[in-house]
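Chain residues, written in single-letter form:
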Amino acid sequence: MTYPDEFLPSLPPQQEALFAAAAADYARYRPGVPDAAVRVLADILRGRSAPVLLDLGTGTGQVPRALLPAVPALTHIEAVDVSRQMLDQARNALAPVLGHCTLTLVHAAADAYEPLAPLPGEEDSGPDLITCCRSYHWMDGPAVLTMADRVAAPDAAVAIMGDGSLWTHDADWTRALREVIQSYLGSERRAGASATYAEPRRSYEEDLAASAWSDVTERRFPVTRTWTPATVVGYLHSTSFAQPDLFQDRHEAFEAEARQLLDAYAKDGVLQEEAVFTVLLARRPGTAS
Ligand SMILES: C[S@@+](CC[C@H](N)C(=O)[O-])C[C@H]1O[C@@H](n2cnc3c(N)ncnc32)[C@H](O)[C@@H]1O
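Rules and cut-offs
- Residues numbered from 1 in each chain as written.
- Predicted model: local features only at pLDDT ≥ 70, side-chain atom pairs only at ≥ 80, totals over all residues.
- Helix = DSSP H or I, 4+ residues; strand = E, 2+ residues; numbered from the N terminus.
- Rg over C-alpha atoms; globule rule 2.2 N^0.38 Å.
- Buried ≥ 20, exposed ≤ 12 C-beta atoms within 10 Å, placed from the backbone.
- Contact = placed C-beta atoms within 7 Å.
- Arc of directions from axis to C-beta.
- Axes fitted to C-alpha atoms, helices over the stretch in contact; angles between N-to-C directions.
- Parallel < 35°, antiparallel > 145°, perpendicular 65-115°, else oblique.
- Left-handed = near helix turned anticlockwise from the far one by under 90°.
- Nonpolar A, V, L, I, M, F, W, Y, C, P; charged D, E, K, R; others polar.
- pLDDT = per-residue confidence, 0-100.

1. Concerning the overall build of the protein chain
Within the protein chain one finds 10 helices and eight strands. Computed over the C-alpha atoms, the radius of gyration of the protein chain is 19 Å, within 12% of the 19 Å expected from 2.2 N^0.38 for a compact globule of 289 residues. With the C-alpha coordinates aligned to their principal axes, the bounding extent of the protein chain is approximately 60 × 40 × 40 Å. Buried positions account for 38% of the 289 residues belonging to the protein chain. Counted over contacts in the protein chain with a minimum sequence separation of 6, partners at least 24 positions apart contribute 85%.

2. Focus: helix α9 (residues 229–237)
Residues Pro229, Val232 and Leu236 constitute the buried set of α9. Taken around the axis of α9, the buried residues stretch over an arc of 60 degrees, which confines them to a single face. Contacts made by the buried residues of α9 are with β7 (215–227), α10 (251–265) and β8 (271–283).

3. As for the packing of helix α7 (residues 172–185) against α10
Two elements in contact, α7 and α10, have axes whose closest approach is 10 Å; the angle formed by their N-to-C orientations is 165 degrees. Between α7 and α10, the angle falls in the class roughly antiparallel. Pair α7 / α10 crosses with right-handed handedness. Contact with α7, carried on its side by Asp172, Trp173, Ala176, Leu177, Val180 and Tyr184, involves Phe254, Glu257, Ala258, Leu261, Leu262 and Tyr265 of α10 and no other residues of that element. Residue composition of the contact of α7 with α10, by class: 10 nonpolar, no polar and two charged.

4. What about the packing of α9 against α10?
Between α9 and α10, the least distance of the axes is 9 Å, while the angle of their chain directions is 140 degrees. It follows from the interaxial angle that α9 and α10 lie oblique. Here α9 runs over α10; the crossing is right-handed. Facing Pro229, Val232 and Val233 of α9, the residues of α10 in contact are Glu255, Ala258, Arg259, Leu262 and Asp263.

5. Observations regarding the environment of Ala66
Examined against the element boundaries, Ala66 turns out to sit in helix α4 (residues 62–70). For the pair formed by Ala66 and Ala42, sequence separation is 24 residues and the distance between their alpha carbons is 9.6 Å. The contact partners of Ala66, leaving out residues within four places of it in the chain, are Gly32, Val33 and Val38.

6. Side note on the environment of Glu274
Relative to the elements of secondary structure, Glu274 occurs in strand β8. Overall, the presence of 11 C-beta atoms within 10 Å leaves Glu274 in the exposed class. Spatially, the C-alpha atom of Glu274 lies 30 Å from that of Val144, the residues being 130 residues apart in sequence. With residues near it in sequence (within four places) discarded, Glu274 still touches Pro222 and Thr224.

7. Digging into α4
Turning to α4, its buried residues are Gln62, Val63, Pro64 and Leu67. The inward-facing, buried residues of α4 abut α3 (35–45), β2 (52–56), β3 (76–81), α5 (84–94) and β5 (129–133).

8. Examining the confidence of the model for the protein chain
In this model, the protein chain carries a mean pLDDT of 91, and residues with pLDDT of at least 70 account for 93%. Helix α1 (residues 13–20) is the least confidently modelled element of the protein chain, averaging 61 in pLDDT, while β5 averages 98, the highest of any element.

What follows is the structure, encoded as structure tokens:
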């Protein structure tokens, strides 16, 4: 089910629009969660009788999609996103693999989340694991961590995860690609049609240290990804820094130039990305098992 009928506010409406247009390309071209990181998340839920996942900024449901087969006991998923189109993609991706697990899609800003009804599990309990994958930087982080403390089970964990993007990745072909984007859109990284990207004021670690979730462990997982020029172009459609409408009537010219550059850098048709997927695993002090 999806609730509420009206979006739960706390965000400017343009943030929702930013992700709406990208949802289909996101579902098709974004890399998933690496297996090693999935195992770390699954370990948190192992041994719990009716584990519940709250995924914030779920997008196309990458995190629950990866966790469902890894945690067969998973009982319920609350998947929250500001974009209805993303939630539609998440429903399509998750429905065929849910099995006995139930799913609630919540159209809300993460900090405004509240459960519609008591969640499965012990009375007055809450989610056992709260995940933010490639999404925390879009949110009001401290408010999200306060909300998490309000709703989570006593021995829950929060996982803030991500792996940068092809904008931040430092390889010869990503640097060259970034320069082409900048030659069309200006040097500042765009974040949709009406904004530029602002670096977070505080690090995620500082946010966590100042929150109820101050017992933090960092895990880093190197991943090698292979792209083709066509999948990079598809990926760009799904980003806030190179989505087609930013280029207005110059998008065709940009795409032709980007494609030519990617073809030139590709070896045997392939471009390599050496990424690091980082998981910050946070608990309330004194609750680690
Ligand atoms: C880069 S995507 C990540 C999606 C998914 N977690 C993944 O790893 O593939 C960021 C998602 O966060 C959502 N989002 C942005 N701001 C949000 C907010 N304040 N509250 C909830 N969701 C938000 C966007 O709509 C988008 O689906």
